[in-house]
Amino acid sequence: AQAAQIRVALADMTKQRDWTAKATEINVEEFFDFTRYHPGLLYPAFLLQHQMQLKICGEKFWAHHAKQRIYLSDGQYVEVAKLLRVHVEAKTFNLLRTMNKKGEEQQ
């Protein structure tokens, strides 16, 4: 029954769209609205995610990093690419700072 509802909802969404590559994308709000009414659609993805978390570093590791991500983003949605960029830039900054300190110590 839910699969039929999802098919109907997807058909309704596709009727309203221009099928060029860019037009077939949905934004975050559209995705949230769709998943709010069709949560079963995400069950396989969450199941896979949970199984991967168990096998890769364990649940505690992922729970800790999820809390850190929420803290760093002040609870707002932030693209993973932006979080990674900030992380890489912070590592680069710290590396440069360490190199400068070592250079000062050698002088």
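Higher on the page you've got the structure.
Source: prediction; values computed, not measured.

Basis of the calculations
In every chain, residue numbers begin from 1 and rise along the written sequence. It should be noted that, the model being predicted, local features are given only for residues of pLDDT at least 70 and side-chain atom pairs only at 80 or more, the latter also being counted only at that level, while totals for whole chains, interfaces and linings use all residues. Hydrogen atoms and water are omitted, and side-chain values are computed over all heavy atoms in the structure. Helix numbering and strand numbering both begin at the N terminus, where a helix is a DSSP run of H or I of at least 4 residues and a strand a DSSP run of E of at least 2. Burial here depends on accessible area, computed with a 1.4 Å probe over protein chains only, as a share of the maximum for the residue type. Under 20% is buried, over 50% is exposed, and the range in between is partly exposed. For this analysis, residues touch if any pair of their heavy atoms sits within 4.5 Å. When the centres of two rings from Phe, Tyr and Trp lie within 6.5 Å, Trp using its six-membered ring, the rings pair. Their planes under 30 degrees apart give stacked, over 60 give edge-to-face, and anything left gives tilted.

J.: Quick question: what am I supposed to make of unusual backbone geometry here?
T.: Apart from glycine, the bulk of residues carry a negative phi angle, and the bulk of peptide bonds sit in the trans form. The backbone phi angle of Cys57 is positive, close to 75°, even though this residue is not glycine. Relative to the helices and strands, Cys57 is located in the loop between α3 (43-55) and α4 (58-72). Note on Cys57: relative accessible area 56%, which makes it exposed. For Asp74, which is not glycine, the phi torsion reads 55° and is therefore positive. Along the chain, Asp74 turns up in the loop between α4 and α5 (80-106). Look at Asp74 and you get exposed, because its relative accessible area is 64%.

J.: I keep staring at the side chain of His38 and nothing clicks. Help me out?
T.: Tracing the backbone shows His38 in the loop between α2 (28-37) and α3. Here His38 falls in the buried class, since its relative accessible area comes to 8%. Aside from chain neighbours lying at most four places away, what touches His38 is Gln2, Gln5, Ile6 and Ala9.

J.: Could you clarify how one ought to interpret the packing of aromatic side chains in this entry?
T.: Working definition: an aromatic ring pair is given by the centre-to-centre distance plus the angle between the planes. Under the counting rule described, the total for this entry stands at 1 aromatic pair. Aromatic side chains Phe61 and Trp62 sit 4.9 Å apart centroid to centroid with 85° between the ring planes, which places their arrangement in the edge-to-face category. Of the residues examined, Phe61 reaches a relative accessible area of 32% and is grouped as partly exposed. A residue is classified by how much of its surface remains accessible, and Trp62, at 32% relative accessible area, is partly exposed.

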